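Structure at a glance
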Amino acid sequence: MYTNGYIFRYAAIMVIIAAAVLSTAAVMLKPFQERNMAIEKMGGILTSANVEVVDKEATIDMFNQYVVEAIVIDKDGNVVESIKEGSKQDGTAFKLNMKKQLYLKSKGEDFQMPLFLIEKDGVQSYVIPLWGSGLWGPLWGNIALKDDLNTVVGVTLDHQGETPGLGAEISRADFMAQFTGKEIFDTDKNLVSVAVVKGGIQSKPEHMWPHGVDAISGGTITCNGVTDMLKDVLECYEPYLKKEN
Amino acid sequence: MSAGTKEREPLFSAKNMKLIKTPINLSNPITVQVLGICSALAVTAKLKPAIVLTLSVIVVMAVSNVVISLLRNGLPPRIRIIVQLVVIASMVILVDQVLKAFVYDVSKQLSVFVGLIITNCIIMGRLEAFAMGNKPWPAFLDGIGNALGYGIILIIVAFFRELLGSGTLFDVQVIPQAFYDFGYKNNGFVILSPMALIVVGVIIWVQRFYTRELIEDN
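To keep things clear, this report deals only with the structure shown in the data block.

Analysis parameters
Each chain carries its own residue numbering, running from 1 in the direction its sequence is written. Chain letters start at A and ligand numbers start at 1, both assigned in the order the entries are written. Local features in a predicted model are, by the rule used here, given only for residues with pLDDT of at least 70; side-chain atom pairs are given and counted only at 80 or more, and totals for whole chains, interfaces and linings are based on all residues. With hydrogens and water excluded, all non-hydrogen atoms of the structure serve as input to the side-chain values. Only heavy atoms enter the contact rule, under which two residues are in contact if any of them lie within 4.5 Å. Put simply, buried area is the surface a 1.4 Å probe can reach on two separate parts but cannot reach once they are joined, added for both. Throughout this description, the term salt bridge denotes a Lys or Arg side-chain nitrogen within 4 Å of a carboxyl oxygen of Asp or Glu. Counting from the N terminus, the helices are the DSSP runs of H or I reaching at least four residues and the strands are the DSSP runs of E reaching at least two. Three categories are distinguished: nonpolar for Ala, Val, Leu, Ile, Met, Phe, Trp, Tyr, Cys and Pro, charged for Asp, Glu, Lys and Arg, and polar for the others, with Gly belonging to the last. We call a residue buried when its accessible area falls under 20% of the maximum for its residue type, exposed when it is over 50%, and partly exposed in between, using a 1.4 Å probe and counting protein chains only. Definition of a polar contact: a pair of N or O atoms within 3.5 Å, with one able to donate and the other able to accept a hydrogen when the atoms are protein atoms, and with sequence-neighbouring residues admitted only if both atoms are side-chain atoms. Only when DSSP finds a minimum of two bridges between them are two strands counted as paired.

1. Some remarks on the interface of chain B and chain A
Taken together, the contact pairs 21 residues of chain B with 21 residues of chain A. For the chain B and chain A pair, buried surface summed over both sides reaches about 1800 Å², with 68% attributable to carbon and sulfur atoms. Of all residues in chain B, R78, Q97 and Y104 of chain B bury the most surface against chain A, accounting for 26% of the area lost on that side. With its nearest N and O atoms 2.5 Å apart, the salt bridge here joins K108 of chain B to E40 of chain A. Listed by contribution, the elements that provide at least two residues to the side of chain B that touches chain A are α4 (80-102) and α5 (104-110) of chain B. The leading source of residues in the side of chain B that touches chain A is α4 of chain B, at ten residues. Here the side of chain B that touches chain A is composed, by residue class, of 13 nonpolar, four polar and four charged.

Set out below in structure tokens:
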């Protein structure tokens, strides 16, 4: 028979060994994992501005090639930091934590927001990273605007764990393609953002058509999450967008 | 009988090889024991995730089996299930971390299913039924055998689902464009999980047709 003391010692030693092995592995693999995440983030920024990323390994080079300016703005729309040369992935713009900045915004405190200016074949577009929440977890993505700072060039959307087949459909290409050509300001220059409309945008008055896309059946809460995310994030950029325009 | 006179069993004796062969056919975890069906349905829409999950399960099973087999003599029976869980869980987290570091997009596709290897009944079943009572080498072979038996079915199912559902293999188009021009369409139904169950059913049928031992008397 094994005594209770033996069982406790056995369990304690086993847990310590397991913890040591796992934490060593986590620390050693972290640089690789962070690089993968950075590559994914860059891929999203480039894709939203219609820059096709074919080779994952070349993403970092492509990012530095196409992003001509990485900008950080404050809540009044002033440019705080602007990197035009060198590796933009080391700048504040790329490293800013959207979740934290949006939290500061909700508290009414000062916040900073990243903005990426991308130039491809002489055409410039502004990419704004997005962060919000869906039904089961966070949503994120990017929205690219033309140089009129109004028309949407493209969006990318991703999620952590929305319901497959329903909410998760937001990251499908044909859903995201709906955003292209939409406008975030109305004719009176008020920020209206782009809404995901339940029942389809065609069911609304015609003057709202440029500001809405069709929702996904069965994915209402995720779709509302996308609407809120766009509105919440674009509000932060409103002073800057108006100033530049 | 002293230890010296006892002849050592060769590493790949017929008895040891049986440990690998039996779970691939006669006691296949999926088609005969009907275990691990959940992941067999979930990750088999494409070949690549199916193969990565197979490799992950092979690693987790072989290593956990060996570790538990090494520990079996000093292991207090009262906490044996906890110990088995700690070993499996640690292995799964390790595999998950490695996948995230080196094959990030596949790890995103597999998402929760890597973590769910922990709950794969095949693994705990083998630890409890085999590794607790056998030496490390046979336990290692048993782990490989069972994981292979599981993985082969996964890969066969994924092959048919990707071919019929997307017209591709490893994301490379294999059904010629001419077929589509004549009106051939990918079968979207095959992508959905229920179809995986039907493919597994067909595999069981074929397997029983060729393996008379599996057919019940009545």
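There's more to say after this.
2. So, the side chain of D158 of chain A
Along the chain, the position of D158 of chain A falls in strand β6 (residues 152-159). By relative accessible area, which is 19% here, D158 of chain A ends up buried. Reaching out from D158 of chain A, the side chain makes a polar contact with the side chain of K108 of chain B at a distance of 2.9 Å. Discounting chain neighbours no more than four positions away, the residues touching D158 of chain A are E40, L139, W140 and S171 of chain A together with K108 of chain B.

3. Some details on the pairing of strand β3 (residues 112-120) of chain A
Residues and elements named next belong to chain A. Pairing of strand β1 (residues 67-74) with β3, which is carried by seven bridges, proceeds in the antiparallel orientation. Residue pairing for β3: D74 is matched across the bridge by Q112. If you look at the hairpin formed by β3 and strand β4 (residues 123-133), you'll find two residues sitting between the two strands, and D121 has a positive phi there, around 50 degrees.

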